[in-house]
Amino acid sequence: MIFFSVPLSILRPKRSFRRNPFFYQFISLSSSSSVQSLDMSEENNLHCPDYAELRSNMQNLAKSGAITKALQAFLLMRTAAPGKPTVYDYNSLINCYLKSEYACLHDLSTLYSEMKTLGLYPNASTFNTFLKGLNLLGASKSALWVTIEMCNHAFTPSFTSLSSLLKKCSDSMDLKAAISVLELMIGLNYIPTEPQVISLINRLTKHGMTNKACYVFFKLLDKGYFPTPYIYNPIIWSLCKSNEINLALAFFCSLKKKGLVHNVCSYTALVHGFCEKGLFKEALICLNNICYPNVRTYTIIIKCFCDNGRIQEALSLLTQMEKRGLDPDIVTYNIILRALSNQNMVHEIFDLFQKDLSPDRYTATALSGLLKKGNLGIAHSLLRDIEKSGSDMDVAVYNVYFYRRFKSKDPFSLMNYMKKKGIEPNNITYNTILKGYCERKTMDKTLEFFRTTEWPEKGPDLVSFNTILSAACKKRDSEMVERVLDLMEHEGVKLNVVGCTCLMQYFYNVRKLKDCLDVFEHMMSHGPRPSMVTINSLMIGLCKNRELEAAYRFFCNLKSYGFSPDSKTYKILEGYDDLVAKLQRESFES
DNA sequence: TATCTGTTAG
C-alpha cells in the first residue's frame, strides 16, 4: 500500500508556523499535506473492505500511535459509503490515539488542524476528547485554548472540565491562564470550589500579584459569592507585608461593611501591617480590639518591639500574654532570646530559661550575640541540650559556635566532631579557621594552610581571599599584601568592594594617602562601587592624616556622589572637634 | 490563612 510508505516527517509542518498565540503547537498540516495527495484510485484498492473493517483498521492504527497512517485510513473510509467518514469517526480516531503510549501534543495539534483541512466540523464530543487528551498530557495552556475554541463554536464546557483545568493551571503556576479559566467559569455561572479559590488567591499574593488576587476576589463577590476569611486573609496579609497598611485597612473595612466577620488572623495581619510602618500605638489598639488574640498575634507584635530595640515593652507583652493564659511557644522565645542576646542581657536570658521551653536550632543561633560578647557558658550548655534533644542541627549552628571554641581546641578535632554528628563543614567553617590562623599564627603559616587545605566546596572563595588580604593589610605587611594580590591575580579573582576598602585602609595607615585616594577614584570611575564602609574609611583616613579640610569637603560632597552619611560618619566627625566646629559655623552662616 | 535563627572578609 503506497500510502504506508509516506514518512511522518512529510506530514509534519515546520515548527515555526504559528497559528495562535495561545496554542501555537496547533499547527496546520497545510494544503500541501500528503493526506490530500493520497492516491485514492481504484487500482490501488483492489480489495474493497467495508466500513466496519476500515474503521477498525483506522482505530488500530491510531491506538498504535501511527497518526499519519490512521489519518490515511480515515480518508480511505470515503470509499466505504456515501457521507462517510463522519466527525464521529474522527472523534473515535482521536480517542484511540489517546490510548496509545505515544500520544503527544504535536500529534494532537496536527489532528486538530487537519480537521479543518478535511472540512470536518467539530462537535462537543470532539472538544471534550481533545480536552481529555490535553489534560492527560498536562498541557494546560493548550487546553485553555481549546476551551475557548469550544465556546467560540457555541458549545459549553462542563463545570468538571473547567474546574479541573483551573486546578491544573493553578498547580502549574500558570496564574494568568488560571485567571482566564476562572473568568470563563464566572461567565458560565460556574462557581469554583472554595479550596480552589483559596489556592489561587494564595498563589497570586505570594507571587506579587496581589492586585490580580483582588480582581479575582471582587469578580467572585460580584457574582454573589460569600467569602470566608480563608479566602481574603491572604490579600490582607500581602498588603500588610508590602507596607500597604492603608490599602489593607480600606479592604478590611469594606468587607466589614458588607457584613463579613473577620477572624483573629485578619486582625493579626493588621497588627503586622501597623508594626511594619512603625505604628506601635495603632498596633496595640488593634491588639486590644481583638476578642481572642492568640500566640501568633502576640509574637508578631513582640518581634516588632524587639526589632526596634524596645525589649522592655516586648517583655511586658510576654507577661501580658501569659496572664491571659496564652503560652508563648518556642518561636516567641527565640525572638526574645535573640534580642536579649544582642543586648548581652544575660540575667533576662537566664530568667527565660527557667521557663518550660524546648530549645531548637533556631534558639542555638539566636544566641550568637551572646557568643560574640564572650558569654560562652550559657551558650555551650544550651548547645549540648539541643544536641541531646535530637533537634535538627545544621552547619550554621556549628559555625556559630566554632570560632569561639577554636581558641581552646584544635580546629580539626572540632571538624571531626561535626562530621561525626553528620554535619559537613562548608567554606564558612574553613574561612573561620582561616581567620583563626590570621589572628594566632604567622602569615606564612596562614598562607600554607590556605594553599594546602582541601576546601570543601569549589576551593577558597572571595571571602577566603579577603580574609588573608585583610590580615596582611592590618599587619601593614607590604610584602604579604603584594603576595596576596599576586595570588588573587594568578587565580583570576577580582577585588570586590571589601578588598578595595582593605587596601585603602592599608594605604592610609602606612601614610600613603595618595595611593588610598587613587584606589577610591578608581572605584568611583571603574567600580566596584564604594559602600558606606568605604566612605567612612576614607573619612577616617583623611582625618588621621590631618587632612581635615579635605575630609570636610568630601563630607559636603557626599550627596552629589549619591551617598548619604550614616551615624558612623557623624561619629567620625565628632572625634575632630575643630572640624565639627567649622561645619557648625558654616551651617549657621548659610 | 499569620509568627522564628545564624556562621566567614572591609
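In this text the structure is predicted, and so the values were computed from the model without any measurement.

Peer 1: Please set out the overall build of chain A residue by residue, giving values where relevant.
Peer 2: Within chain A, the regular secondary structure consists of 34 helices and zero strands. Expressed as a percentage of the 590 residues in chain A, the buried residues total 48%. Within chain A, contacts between residues at least 6 apart in sequence are counted, and of these 63% link residues at least 24 apart. Of the roughly 30600 Å² of accessible surface on chain A, a fraction of 53% belongs to carbon and sulfur atoms.

Peer 1: Describe the side chain of Thr129, with residues and values.
Peer 2: Of note, Thr129 is situated in helix H6 (residues 124–137). Those residues in contact with Thr129, other than ones at most four positions away along the chain, are Asn91, Ile94, Asn95 and Leu98.

Peer 1: Summarise the protein's contact with DNA strand B; cite the residues concerned and give the values.
Peer 2: Residues in contact with DNA strand B amount to 45 residues; listed here are only the nearest, Arg296, Arg338, Ala396, Asn399 and Asn431. For DNA strand B, the fraction of atoms within 4 Å of the protein that belong to sugar or phosphate moieties is 46%. Contacts to DNA strand B include Arg296, whose side-chain N or O atom sits 2.4 Å from a base nitrogen. One of the side-chain nitrogen or oxygen atoms of Asn334 is found 2.9 Å away from a base oxygen of DNA strand B. Considering only residue class, the surface near DNA strand B consists of 16 nonpolar, 19 polar and ten charged.

Peer 1: Pulling in residues and values, what's your account of unusual backbone geometry?
Peer 2: Along the chain, Lys84 connects to Pro85 via a cis peptide bond; the corresponding omega equals -10°. Pro528 follows Gly527 through a cis peptide bond whose omega is -5°. With respect to the secondary-structure elements, Pro528 resides in the loop between helix H30 (513–526) and helix H31 (532–544). Even without glycine at this site, Asn344 takes up a positive phi of about 60°. Mapped onto the secondary structure, Asn344 falls in the loop between helix H18 (330–342) and helix H19 (346–353). Notably, Arg511 is not glycine yet its phi reads approximately 65°, a positive angle. Note on placement: Arg511 falls in the loop between helix H29 (497–509) and H30.

Peer 1: Any details on the environment of Ile94? Residues and values, ideally.
Peer 2: With respect to the helices, strands and loops of the structure, Ile94 is situated in helix H4 (residues 87–99). Spatially, the C-alpha atoms of Ile94 and Ile67 are 9.1 Å apart, while their sequence positions differ by 27 residues. In this structure Ile94 touches Leu108, Leu111, Thr126, Thr129 and Phe130, once residues within four positions along its chain are discounted.

Peer 1: Describe in detail the domain arrangement of chain A, supporting the description with residues and values.
Peer 2: Each assigned domain of chain A is listed with its residue range as follows: domain 1 (307–393) and domain 2 (512–590). Taken over C-alpha atoms, the centre of domain 1 sits 40 Å from the centre of domain 2.

Peer 1: Tell me about the confidence of the model for chain A, residues and numbers included.
Peer 2: When pLDDT is averaged across chain A, the result is 86; 89% of the residues are at 70 or more. Element-level pLDDT for chain A is lowest in helix H1 (residues 8–11), with a mean of 29, against a maximum mean of 97 in helix H12 (residues 229–241). With pLDDT under 50 throughout, residues 1–45 is counted as low confidence; its partners more than four residues away or in other chains account for 74 contacts.

Criteria and thresholds
Residues numbered from 1 in each chain as written. Chains lettered and ligands numbered in written order. Predicted model: local features only at pLDDT ≥ 70, side-chain atom pairs only at ≥ 80, totals over all residues. Heavy atoms only, no water. Helix = DSSP H or I, 4+ residues; strand = E, 2+ residues; numbered from the N terminus. Buried < 20%, exposed > 50% of the residue type's maximum accessible area, 1.4 Å probe, protein only. Contact = heavy atoms within 4.5 Å. Areas by Shrake-Rupley, 256 points an atom, 1.4 Å probe, with all protein chains shown as cover. Near = heavy atom within 4 Å. Polar contact = N/O pair within 3.5 Å; in protein donor to acceptor, adjacent residues only side chain to side chain. Nonpolar A, V, L, I, M, F, W, Y, C, P; charged D, E, K, R; others polar. Domains from an automatic or database assignment. pLDDT = per-residue confidence, 0-100.

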